[in-house]
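Architecture and fold: a report
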Amino acid sequence: MEETQTLTPLARVGFEGASLTFESIAEPVLTVDQGEHFWLDARSLLTGGLFEETGEYEKLSIPVTGPVAVRGVEPGDALRIDVHEIKIADRGAMVTLPGRGGFTGGLGRSGHVVDIADGYVEFDGDTRIPVRPMVGKIGVAPAGPGPDSSTVGIHGGNMDCKDVTAGAAVVVPVQVAQAMLYAGDLHAAQGDGECSLTAVEVEGSVRLSCTVVPDGGRPAVPLRRPVVLSGGSVITIGDGDTLDEAARLALDDMLELLQNDRGWPREKTAMLLSSAADVSVSQLVNARLSAKVSLPSRYFTAEPFSLESSNTMNAQVSDA
């Protein structure tokens, strides 16, 4: 199946599909069947050339591409978005801005352009960072007004979860008919927290497919927020005005999912999480913060919390 998909010309949405919001009433830029592979091109700080012409980095934005309508998807469904392949350009950029970032001393206004080659970000003359492409913003349209593309929430959005790499999947609760999927904000590399404000922001393309999780594999409890399946782990994402709030929501979601799966008392489930789960930061620099809880999928007994193996690849190319 994978070989057939990659050899057949796939639908692609270019930069003309860029959006600054996750808007449900926008006209779809593409309509796909469930399981159909398609490409979305993603803009970055360097797209259009303004980054290197101006130091007014506050005026630059990183939109998402979409919406993509998925046939047969209805509100209340759990939509699995599979990330099959990520291609990135050979240059990336980062910025710092006054009043932004996770540091007590504050940061000045600064921009930094880097080359990307041979699997590394050439950060400085003698400093290289291994490339690990990821999708910073991915999700579906909410039922109400479309939030800014830099916002994280129930719909997904700007989660900045570095585990959303090629081979990963994001399971998200659907709020509107046909889901109305958006994605963008590709990073060549990012640490947990994205502490200076940006990661290695990069132009590129991502190959996706979407399927509704069948009733037999759907959690008995409604999915409250996005769940990431990556690297053999189940990862719940919480968001909040503070990291404490975000972490508690991510913990509550993992507790509920595991308790429902195993049928254990709440207290016993919490003990397992305290012994085997990791609580960490996705991003701490935007208006709404995101935290994550990671638990190896072997602790779950049923779908959809197991990531199937496939022939996907995590690719970095210069001609994306």
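Above: the structure in question.
Since this is a predicted model, take the numbers as computed values, not measurements. (Residues numbered from 1 in each chain as written. Predicted model: local features only at pLDDT ≥ 70, side-chain atom pairs only at ≥ 80, totals over all residues. Heavy atoms only, no water.)

This part covers the nonpolar core. Nonpolar side chains tend to gather and get buried jointly when the protein is soluble and globular. If you look at the biggest cluster of nonpolar residues, it comprises 46 residues, and the most contacted ones within it are Phe38, Leu79, Ile138 and Leu208. Non-local contacts of Leu79, meaning those with residues more than four positions away in its chain, are made with Val73, Val140, Val170, Val171, Val172, Val174, Ala179, Cys210, Thr211 and Val212. Listed in part, the 22 residues of the second largest apolar core include Leu255, Trp264, Ala277 and Phe305. (Core = buried A, V, L, I, M, F, W, Y, C linked by side-chain atoms within 4.5 Å. Buried < 20%, exposed > 50% of the residue type's maximum accessible area, 1.4 Å probe, protein only. Contact = heavy atoms within 4.5 Å.)

Turning to the pattern of salt bridges, a few remarks are in order. Pairing between side chains of opposite charge can happen when the charged atoms of each approach one another. A complete count under the given rule lists 17 salt bridges for this structure. Of the charged contacts in the structure, one is a salt bridge between Arg91 and Glu52, with a shortest N-O distance of 2.7 Å. Of the two residues, Arg91 sits in strand 6 (residues 78–96) while Glu52 sits in the loop between strand 4 (38–42) and strand 5 (64–70), which places them 39 residues apart along the sequence. Judged by its relative accessible area of 30%, Arg91 is partly exposed. A salt bridge links Lys59 to Glu56; the nearest nitrogen and oxygen atoms lie 3.2 Å apart. Note on Glu56: relative accessible area 41%, which makes it partly exposed. (Salt bridge = Lys/Arg side-chain N within 4 Å of Asp/Glu carboxyl O. Helix = DSSP H or I, 4+ residues; strand = E, 2+ residues; numbered from the N terminus.)

Most of strand 17 (residues 233–240) sits inside the fold, with eight of its eight residues counted as buried. The side-chain alternation of strand 17 yields two buried faces, one formed by Ser233, Ile235, Ile237 and Asp239 and the other by Val234, Thr236, Gly238 and Gly240. Where strand 16 (residues 227–230) and strand 17 come together, four bridges link them in antiparallel fashion. For Leu229, the partnering residue across the bridge sits in strand 17 and is Val234. From the end of strand 16 to the start of strand 17, which pair antiparallel, there are two residues, and Gly231 there has a positive phi angle of about 60°. Across eight bridges, the pairing between strand 17 and strand 19 (residues 289–296) is antiparallel. Opposite Asp239, over in strand 19, you have Ser290 as the bridge partner. (Pairing = 2+ DSSP bridges.)

Before going further, it helps to examine the side chain of Glu194. Inspection of the secondary structure puts Glu194 in the loop between strand 14 (181–187) and strand 15 (201–212). The charged side chain of Glu194 is buried without a salt bridge, its nearest counter-charge being Arg100 at 8.3 Å. Beyond its immediate sequence surroundings of up to four residues, Glu194 is in contact with Asp160, His187, Ala199, Glu201, Ser282, Gln283 and Val285. (Lys, Arg positive; Asp, Glu negative; His and termini not counted.)

On inspection of all chains with the given rule, the structure shows two aromatic pairs. Plain terms: the ring middles of Phe22 and Tyr182 are 5.1 Å apart, the flat faces sit at 55° to each other, and that makes the pair tilted. Taken together, the positions of Phe22 in the loop between strand 2 (18–19) and strand 3 (30–32) and Tyr182 in strand 14 put the pair 160 residues apart, joining distant regions of the chain. Judged by its relative accessible area of 0%, Phe22 falls in the buried class. Overall, the relative accessible area of 0% leaves Tyr182 in the buried class. Seen from the ring of Phe15, Arg43 lies directly overhead, with NZ or CZ sitting 5.8 Å from the centre. A cation sits over an aromatic face here: Arg128 above Tyr120, 4.0 Å from the ring centre. (Phe/Tyr/Trp six-rings, centres within 6.5 Å; stacked < 30°, edge-to-face > 60°. Lys NZ or Arg CZ within 6 Å of the ring centre and 35° of its normal.)

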